[in-house]
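If you want the building blocks of each chain, they are given just below.
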Amino acid sequence: MEMFELNLIGAFFQVHAMDMSDAVIVKSSRLKSVVWNDFDRIKKGDTCVAVCRHCKKKLSGSSTSGTSHLRNHLIRCQRRSSHGIAQYISTREKRKEGTLAIANFNIDQDANKDDNTLSLVNIKFEQTQLKDDSVNPGTSNFDQRRSRFDLARMIILHGYPLAMVEHVGFRAFVKNLQPLFELVSLNRVEADCIEIYEREKKKVNEMLDKLPGKISLSADVWNAVGDAEYLCLTSNYIDESWQLRRRILNFIRIDPSHTEDMVSEAIMSCLMYWDIDRKLFSMILDSCSTCDNIAVRIGDRLLQNRFLYCNGQLFDIRCAANVINAMVQHALGAVSEIVIKIRETIGYIKSSQIILAKFNEMAKEVGILSQKGLCLDNASQWNSTYSMLEVALEFKDVLILLQENDTAYKVCLSDVEWERITAVTSYLKLFVEVINVFTKNKYPTANIYFPELCDVKLHLIEWCKNSDEYISSLASRLRSKFDEYWEKCSLGLAVAAMLDPRFKMKLVDYYYPQIYGSMSGSRIEEVFDGVKALYNEHSIGSPLASHDQGLAWQVGNGPLLLQGSAKDSRDRLMGFDKFLHETSQGEGTKSDLDKYLEEPLFPRNVDFNILNWWRVHTPRYPVLSMMARNVLGIPMAKVAPELAFNHSGRVLDRDWSSLNPATVQALVCSQDWIRSELEN
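Where an unreviewed UniProt entry is consulted, the protein chain appears under the name BED-type domain-containing protein, with the organism given as Vigna angularis var. angularis.

Here you go:
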């Protein structure tokens, strides 16, 4: 009330100063628009004037003039007090907005998760901008620079084309929304995006430098418009809070004609640029001869500097999902003619309502009450092909009956073809289940893969015994593809499974006799020797031992294996390290590994979080937890969930494909970094 009286007194003196002695001040309580919080409406006879309380400018205050011109003036008023947007809202309207916010929150609880996530991302995104650009949230002054970078971040975050800033519709929208914003050119917004990239890159560099463990690097090739290709290098690691993270580090243009040497050099240059060559634990590639050579070249370079554990045995890892997909393509290729017949059959049945009605009537006669309907597949998504074949097999008897009763139905499968498609569909069923396990979590840890892939190997062994020579031959070819992967990656898979406290070495003990038979004993011993060798190297490098020591012990009767930097060769106390290791073993002290393996298994349950378990148990197993951090962070299947069943790889957006390669790298990397920051 006192503030209102002061406003009246101030307005009274303003009126006299304007020599309007007979003017009357209209009480603001009678004026509904919030704009009158910043204006005094003064009536003299039949004329009404609105006087700005900040700059004293007089505008029309007539009821027929509306308030739009008053609002526009407030936007431009240089002397208006900077008390934020709340200045425009009356107490009554604030309460109304508060009620609305609560109502919206309740609605959001029932909305889908994506909407809730989007709301959270928007809040975090706004907070990030305020922090980055040092903007005071209490001011409503327009900030051209902040708005410019908000625009650039929006383009990066959502993958919009840079050219949108020159679109007529966008420019009209922005100009009407905020006339003070100086519209930017394509070159300007591109420069802003690169500036954001450079700023975000510093954050990533600092983060990588402070990581407590090692990094696993995955490499993927993206296709762009035309024949262009990009190599995407992604770091995978477990951070200090025991969260599995991924960050794209480089997105570099490569020529398909580049030799393996050139690609290897490009990758090494990226590793050295980020200064993570010494931090690399493993590298995850697709299964192909080109990748074999690249992995060997990079591995040899890192081994020369003694950067790799266990002489690089865990360095070269292949993508499990890629192997499964390769087997799927081989299996579908073997029965491609049968698949085409089934597509044609479904097309024929759905070609008219009469035929479909006849088919449904036959299904009732046969006694098939399946809720699933015949459907054509999406040829680019092999899980949809599996679904099509699965349903077709359910209606097998109906299709045979249709063949007998419909002379127009010419696409017929023989008994042999039905047997073969049944066998292949059973393969696909297993592969779909395995891929679903790989992709059910956004960031799956390495321990989940071993039992799934052991199951695949056992099924392949069984499939090779099929009485149909065609099917057994196909199974043998699939098994050959899988065995190449298995020989290269089984040690890493088994070590990761051992680090799961629900299984430890028991899972290896369970599967290997089924897989290797009489040879299982030696294979189990190989895994255990690998576990001990890896543990010993982590023990030597642990802060609990001496910093920067580089001596590790070869398990068994083999020679000593030196690790670490070149300066280790001048360490006069390396002999002492060996003495200390041997005497401590002789004194009967138990290592982390011994204690871990001797203790009972942790109960299996669906809510188990392995990273949380290791976070809690780090004080008890300080050395083994270091090993767990490095091993569990390996992305055994690097495929994105949305592409898990896709025949083709990643494809770069058409608009971004047309940009300069340096700009493309800036956009793709900074998009990944900003999204990751908003999700955390």
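From this point, the narrative continues.
Caption draft 1: Focus on the overall build of the protein chain. Helix and strand content of the protein chain: 25 helices and 12 strands. Counting across all 680 residues of the protein chain, residues that qualify as buried make up 45%. Long-range contacts, defined as pairs at least 24 residues apart, comprise 67% of the intrachain contacts of the protein chain with a sequence gap of at least 6. Of the accessible surface of the protein chain, which amounts to about 35,100 Å², a share of 52% is contributed by carbon and sulfur atoms.

Caption draft 2: Layout of the packing of helix H15 (residues 415-439) against helix H16 (residues 449-463). At a closest axis distance of 10 Å, the pairing of H15 and H16 adopts a crossing angle of 170°. The angle between the axes of H15 and H16 places the two elements in the roughly antiparallel class. Facing H15, whose interface residues are Ser426, Tyr427, Leu430, Phe431, Val434, Val437 and Phe438, H16 presents Tyr449, Glu452, Leu453, Asp455, Val456, His459 and Trp463. Partitioning the contact of H15 with H16 into residue classes produces 10 nonpolar, two polar and two charged.

Caption draft 3: Structural context of the pairing of strand S5 (residues 215-223). For S5, the tally of buried residues reaches seven of nine residues, placing the bulk of the element in the interior. Bridge count between S5 and strand S8 (residues 280-285): four bridges; the pairing is parallel. Bridging from a neighbouring strand, Ser218 pairs with Ile284 of S8. Bridge count for S5 against strand S6 (residues 229-238) is eight bridges, and the pairing is antiparallel. Within the sheet, the bridge partner assigned to Ser216 lies in S6 and is Asn236. From the end of S5 to the start of S6, which pair antiparallel, there are five residues, and Gly226 there has a positive phi angle of about 85°. Bridging between S5 and strand S12 (residues 650-651) involves two bridges; their strand directions are parallel. Within the sheet, the bridge partner assigned to Asn223 lies in S12 and is Val651.

Caption draft 4: How the structure looks around the side chain of Thr345. You can see Thr345 is positioned in helix H11 (residues 336-349). The class for Thr345 is buried, based on a relative accessible area of 2%. Once you skip the residues sitting within four places of it in the chain, Thr345 turns out to touch Leu399, Tyr409 and Val411.

Caption draft 5: The pairing of S8, seen in detail. Most of S8 sits inside the fold, with six of its six residues counted as buried. Where S8 and strand S9 (residues 316-318) come together, three bridges link them in parallel fashion. Note that in S9 the partner of Ile284 across the bridge is Ile317. Following the backbone out of S8, through helix H9 (residues 289-304) and into the adjacent parallel S9, one traces a crossover that is right-handed.

Caption draft 6: How the structure looks around the packing of aromatic side chains. By the definition in use, this model includes 27 aromatic pairs. Considering the side-chain rings of Tyr348 and Tyr409, the 5.7 Å spacing of their centres and the 25° angle between planes classify their relative orientation as stacked. Placement of the pair is Tyr348 in helix H11 and Tyr409 in the loop between helix H14 (396-405) and H15, with a sequence separation of 61 residues. Overall, the relative accessible area of 6% leaves Tyr409 in the buried class. An angle of 80° between the planes, with centres 5.0 Å apart, marks the rings of Trp613 and Trp614 as edge-to-face. Each residue in the set Phe450, Phe482, Tyr485, Trp486, Tyr510, Tyr511, Tyr512 and Tyr516 is aromatic and connected to the rest through ring pairs, giving one cluster. Positioned above the aromatic ring of Tyr470 is the side chain of Arg420, whose terminal nitrogen or guanidinium carbon lies 4.1 Å from the ring centre. Stacked on the ring of Tyr596, the Lys or Arg Lys504 has its end atom at 4.5 Å from the ring centre.

Caption draft 7: Just a nonpolar patch on the surface, in detail. Together, Leu573, Phe576 and Phe579 make up a nonpolar patch on the protein surface, roughly 320 Å² of accessible area in all. In this structure, Leu573 sits in the loop between strand S11 (561-562) and helix H20 (574-586). Residue Leu573 is classed as exposed on the basis of its relative accessible area, which comes to 52%.

Caption draft 8: Highlighting the pattern of salt bridges. Per the counting criterion, the structure on display carries 34 salt bridges. Asp150 is the salt-bridge partner of Arg146, the closest N and O atoms lying 3.6 Å from each other. Here the residue Arg146 and the residue Asp150 both occupy positions in helix H5 (residues 144-158), the gap between them amounting to four residues, near one helical turn. Given a relative accessible area of 22%, Asp150 falls into the partly exposed group. One salt bridge connects Lys203 with Glu677, and the closest N-O pair in it is separated by 3.8 Å. You can see Lys203 sitting in helix H7 (residues 186-209) and its partner Glu677 sitting in helix H25 (residues 661-679), a full 474 residues away along the chain. For Glu677, a relative accessible area of 27% corresponds to the partly exposed category.

Caption draft 9: Spatial organisation of helix H13 (residues 382-394). With 13 residues, H13 extends 19 Å between its outermost C-alpha atoms, agreeing within 8% with the 18 Å of an ideal straight helix rising 1.5 Å per residue. Residues of H13 that are buried: Trp382, Thr385, Tyr386, Met388, Leu389, Val391 and Ala392. Packed against the buried residues of H13 are helix H10 (320-334), H11, H14 and H15.

Caption draft 10: Spatial organisation of the environment of Asn466. Residue position: Asn466 is located in the loop between H16 and helix H17 (469-498). On the basis of relative accessible area, Asn466 is assigned to the partly exposed category, the value being 32%. Asn466 sits 43 residues away from Ala423 along the chain, and the two C-alpha atoms are 9.2 Å apart. When neighbours within four sequence positions are excluded, Asn466 is seen to be in contact with Ile471 and Ser472. In this structure the side chain of Asn466 is engaged in a polar contact, spanning 2.8 Å, whose partner is the backbone nitrogen of Asp468.

Caption draft 11: Examining the side chain of Ser218 more closely. Residue position: Ser218 is located in strand S5. A polar contact is formed between the side chain of Ser218 and the side chain of Asn236, at a distance of 3.3 Å. When sequence neighbours within four positions are dropped, the list of residues in contact with Ser218 reads Cys232, Leu233, Thr234, Asn236, Ile284 and Lys638.

Caption draft 12: Molecular detail of the packing of H16 against H17. Taken N-terminus to C-terminus, the directions of H16 and H17 make an angle of 155°; their axes are 9 Å apart at the nearest point. If you check the angle between H16 and H17, you find them roughly antiparallel. The element H16 and its partner H17 pack so that their crossing is left-handed. Along its contact with H16, which presents Tyr449, Phe450, Leu453, Cys454, Val456, Lys457, Leu460, Ile461 and Trp463, the element H17 presents Ser472, Ala475, Leu478, Arg479, Phe482, Asp483, Tyr485, Trp486, Leu493, Ala494 and Ala497.

Rules of the game
- Residues numbered from 1 in each chain as written.
- Predicted model: local features only at pLDDT ≥ 70, side-chain atom pairs only at ≥ 80, totals over all residues.
- Heavy atoms only, no water.
- Helix = DSSP H or I, 4+ residues; strand = E, 2+ residues; numbered from the N terminus.
- Buried < 20%, exposed > 50% of the residue type's maximum accessible area, 1.4 Å probe, protein only.
- Contact = heavy atoms within 4.5 Å.
- Areas by Shrake-Rupley, 256 points an atom, 1.4 Å probe, with all protein chains shown as cover.
- Axes fitted to C-alpha atoms, helices over the stretch in contact; angles between N-to-C directions.
- Parallel < 35°, antiparallel > 145°, perpendicular 65-115°, else oblique.
- Nonpolar A, V, L, I, M, F, W, Y, C, P; charged D, E, K, R; others polar.
- Pairing = 2+ DSSP bridges.
- Right-handed = clockwise from strand over helix to strand, strands pointing away.
- Phe/Tyr/Trp six-rings, centres within 6.5 Å; stacked < 30°, edge-to-face > 60°.
- Lys NZ or Arg CZ within 6 Å of the ring centre and 35° of its normal.
- Patch = residues over 30% accessible without salt bridge, like charges linked within 9 Å, V, L, I, M, F, W, Y side chains within 5 Å.
- Salt bridge = Lys/Arg side-chain N within 4 Å of Asp/Glu carboxyl O.
- Expected span 1.5 Å × (residues − 1).
- Polar contact = N/O pair within 3.5 Å; in protein donor to acceptor, adjacent residues only side chain to side chain.
- Left-handed = near helix turned anticlockwise from the far one by under 90°.

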